[in-house]
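# Coordinate inspection notes
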Amino acid sequence: MVDPTVSLQAAPSTVLVQILILSSLYALVALGFTLIFGVGGVLNLAHGANITIGAFVAYVVGVQQGLGGFAGLAAAFVVTGILSGVYYLGLIKRIQDEPIMVMIITLVTAVAVEEAIRFVYGSQPKVLGLLSGRINLAGSTVTYTQLFAFALSALLIGALFVFVNYSRHGKALMATSMSHKGAALVGIEADRINLVVWVAAGALAGVAGVFLATRQGASWAMGRTPLVLSFSIVVLGGIGSIRGSVLGAFVVGTLEVLTVQYVDSSLTGLTPLLVLVVVLLLRPEGLFGRELVEA
Amino acid sequence: MDWSIPGMVALASASDAGDDSDATDTSDETDGTDESAGTATGAAGGTPLLDVADCAVSYGKVSALRGVDLTVGEGEFVAVIGPNGAGKSTLCNTVSGFRDYTGSVRYHGAEVSDQSPRDLVQQGLVHCTESRDLFGYMSVEDNLTLGAYRANTNVDERLAFVYDLFPALAERTGQLARTMSGGEQQMLAIGRALMGDPDLLVLDEPTLGLAPVILDDISEGIEQIQANGVTILLAEQNVTFALRHADRIVLLENGDVVRRGSPEELREDDYIHESYLGG
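Computed from a predicted model, the values in this text were never measured in an experiment.

The rules behind the values
Residues numbered from 1 in each chain as written. Chains lettered and ligands numbered in written order. Predicted model: local features only at pLDDT ≥ 70, side-chain atom pairs only at ≥ 80, totals over all residues. Heavy atoms only, no water. Helix = DSSP H or I, 4+ residues; strand = E, 2+ residues; numbered from the N terminus. Rg over C-alpha atoms; globule rule 2.2 N^0.38 Å. Buried < 20%, exposed > 50% of the residue type's maximum accessible area, 1.4 Å probe, protein only. Contact = heavy atoms within 4.5 Å. Areas by Shrake-Rupley, 256 points an atom, 1.4 Å probe, with all protein chains shown as cover. Lys, Arg positive; Asp, Glu negative; His and termini not counted. Charge placed at Lys NZ, Arg CZ, Asp CG, Glu CD. UniProt positions renumbered as here; feature names shortened; annotations may be inferred. Pairing = 2+ DSSP bridges. Expected span 1.5 Å × (residues − 1). Bend = angle between axes of the 7 residues up to and from the residue. Buried area = accessible area lost by both parts, 1.4 Å probe. Salt bridge = Lys/Arg side-chain N within 4 Å of Asp/Glu carboxyl O. Polar contact = N/O pair within 3.5 Å; in protein donor to acceptor, adjacent residues only side chain to side chain. Nonpolar A, V, L, I, M, F, W, Y, C, P; charged D, E, K, R; others polar. pLDDT = per-residue confidence, 0-100. Axes fitted to C-alpha atoms, helices over the stretch in contact; angles between N-to-C directions. Left-handed = near helix turned anticlockwise from the far one by under 90°. Phe/Tyr/Trp six-rings, centres within 6.5 Å; stacked < 30°, edge-to-face > 60°.

Along the backbone of chain A there are 11 helices and two strands. Reading the helices (α) and strands (β) of chain A from amino to carboxyl end gives α-α-α-α-β-β-α-α-α-α-α-α-α. A globule of 295 residues ought to have a C-alpha radius of gyration of about 19 Å, and chain A, at 18 Å, matches this closely. Reported as C-alpha extents along the three principal axes, the dimensions of chain A are approximately 55 × 45 × 35 Å. A total of 295 residues make up chain A; the buried ones form 53% of that total. Taking as baseline every contact in chain A between residues at least 6 positions apart, the subset at least 24 positions apart corresponds to 75%. A total of about 12400 Å² of accessible surface is found on chain A, and carbon and sulfur atoms cover 69% of it. The distance from the centre of the 14 positive side-chain charges to the centre of the 12 negative ones in chain A is 7 Å.

Before going further, it helps to spend a moment on the UniProt feature "transmembrane region" (unreviewed entry) in chain A. Residue and element names in this part refer to chain A. The UniProt feature table records "transmembrane region" (unreviewed entry) at residues 15-39, 45-63, 70-88, 100-121, 142-164, 195-214, 226-250 and 262-282. Spanning residues 45-63, this segment combines 89% helix with 0% strand, and its end C-alpha atoms are found 28 Å apart. Secondary structure within residues 195-214 divides into 100% helix and 0% strand; the distance between the first and last C-alpha atoms comes to 29 Å.

Turning next to the pairing of strand 1 (residues 134-137) of chain A. Residue and element names in this part refer to chain A. Note that strand 1 and strand 2 (residues 140-143) share four bridges and pair antiparallel. Within the sheet, the bridge partner assigned to L137 lies in strand 2 and is S140. Where strand 1 folds back on strand 2, the antiparallel hairpin that results is connected by two residues, among which A138 adopts a positive phi of roughly 50°.

Residues and elements named next belong to chain A. Under the 1.5 Å per step criterion, the end-to-end length of helix 1 (residues 12-40) is 41 Å for 29 residues, consistent within 8% with the ideal 42 Å. Along helix 1, the largest kink reaches about 30° and is centred on A30. Within helix 1, 25 of the 29 residues are buried, leaving the element largely enclosed by the surrounding structure. Of the residues flanking the end of helix 1, it is G41, one or two places downstream, whose phi is positive at about 75°.

Contacts between chain B and chain A engage 21 residues on the former and 22 residues on the latter. Between chain B and chain A, roughly 1900 Å² of surface is buried when both sides are summed, and carbon and sulfur atoms account for 63% of that area. Area buried by chain B at its contact with chain A is led by F135, Y137 and Y149 of chain B, which between them contribute 36% of it. Linking chain B with chain A are two salt bridges. Taken together, the connections running from chain B to chain A amount to six residue pairs in polar contact (both at pLDDT 80 or more). Where the side of chain B that touches chain A is concerned, the elements lending two or more residues are helix 5 (117-122), strand 6 (125-128) and helix 6 (140-147) of chain B. Residues belonging to the side of chain B that touches chain A are distributed by class as follows: 10 nonpolar, five polar and six charged.

The next thing to look at is the confidence of the model for chain B. All names here are of chain B. Looking at chain B, pLDDT values average 85 and 83% of them are 70 or higher. This stretch, residues 1-45, has a pLDDT under 50; its non-local contacts, to residues over four places away or in other chains, come to 73 contacts. Per the prediction output, this complex has pTM 0.81; the corresponding ipTM is 0.83.

With that settled, consider the packing of helix 9 (residues 224-237) of chain A against helix 11 (residues 270-282) of chain A. Helix-helix packing is characterised by the crossing angle of the two axes and by the distance between the axes. Residue and element names in this part refer to chain A. For the pair helix 9 and helix 11, the least separation of the axes is 9 Å and the interaxial angle reads 35°. For the pair helix 9 and helix 11, the crossing hand works out as left-handed. Here V228, L229, F231, S232, V235 and L236 of helix 9 come into contact with helix 11, specifically with P272, L273, V275, L276, V279 and L280. For the contact of helix 9 with helix 11, a count of residues per class yields 11 nonpolar, one polar and no charged.

Moving on to the packing of aromatic side chains. All names here are of chain A. Inspection of every chain in the model, using the stated rule, returns nine aromatic pairs over all chains. A ring pair is formed by F70 and F148, whose centres lie 5.1 Å apart and whose planes are at 80°; its orientation type is edge-to-face. Taken together, the residues span a long stretch of sequence, with F70 in helix 3 (residues 69-95) and F148 in helix 5 (residues 144-166) at a distance of 78 residues. Accessibility expressed as a relative area gives 38% for F70, which makes it partly exposed.

This part covers the sheet that holds strand 4 (residues 102-107) of chain B. Taken together, the four strands give an open sheet; going across it, the order is 2-1-4-5 (chain B), and neighbouring strands pair in antiparallel fashion. Each edge of the open sheet carries a strand with a single partner, namely strand 2 (62-73) and strand 5 (110-111) of chain B.

Structure, rendered in structure tokens:
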């Protein structure tokens, strides 16, 4: 997913700009996944489907309905958040104590979403745009859309970080991720926290889907690579750690840009998989490893 | 102060060997004689804050509690003692809304099964569990602050109260809970429970695995909590500790209440003396 305009002879500043842009997008991709796993203790294999839905909601609203890219972005944020919340209430909440069942159900959901989108919109990627034009940044040519994606990703990640670390309800969310029983003992309602997490994760995935679609087009299978990326980033950073996920995203993003820069651009897809295997072998608890939920 | 539990090993051995005839005999003998001593109205003269009647809990086919009767009046300190597997923690979890049961468990006159643990916390029933269930990757202060999540109370005042009670916590406000010693974690768990401004504090095995010097600190803390008028239901294997603090004692064995009475009465009881106080 690295910008192909980065040449093999790009200056270090150009590489740095690409790393920042790509890594912030990856962090946005992975955060919803880590939130759901960290707090609810379940693997949401439909995370990629949320990303795909976000991209196609933006396409329908922004392109088909002609309301523009930003209306599409806002619609993606709202619709994926609501859908994710409804999905939790209608299905996941009933089976959340059975992790294998959740994995199967979310995997089935992911496949069903992909097939439905392919059936309705076909196999050809749909072009999605937000802003036109480019800017020269530290010697690197960056599109306004990329710059906006970086800024909004940083803003959303920062807002999430402030929320969980400094607000009463955010601390309740983190507490639930550490001990469901402990949370219940102080009167925190885990189901309500889980609902908030699924809505937030869905909304973040929807926005990530729009930004990914502006780079590569919206396609029915576009959620697969982000799901693998999320696995790698979350395992690298430490399962359940928001700070770790952001750092993990920057490690994966940096490796991917450097692979394009100094090795071979066709190997970019292998980078996150390689990271996943190496981390699982050498440091399975991740860089900021944290205990799983003590349900 | 000697906090050892000399009789526990002998009793557990007898139980493991399948010899439960003594327990059955003592149950019959005691329930007939000391029933009035086990009621809050008898001991404190008021309406019970907690009223457990004919309560039974099962794990599949295994009965953990069988027809347990227990009352705790406002301001009282009631200790439930007994060996491992007696049903003490099950009783605590049932009272605080974490276990399904048959029979009746009423807090402030309302059936516990009709309420969620969150509702009970909001009404002042706060449980400090045997496993502590702290938020390990959060600081001492964050753990304590979250203890007041549902309480309508002044957080700063409660913090000052807890820090006064356990000065060791005041010196470690920024330390992660998981990096603390067992004794400090126990203080933190009790402190977090107190942040909820409890009417009824359920303490499950607060002395488990703690060094004697730490037990003294915990003991002093519990005395101060008691002096502040908090009603306490203590589940405890350490009989010496329970006898020192409680107004009334209930002995639970294999899910049955087999003795109940005041600490003075139970100190004189031959069975208690031989089985739990080392003869």
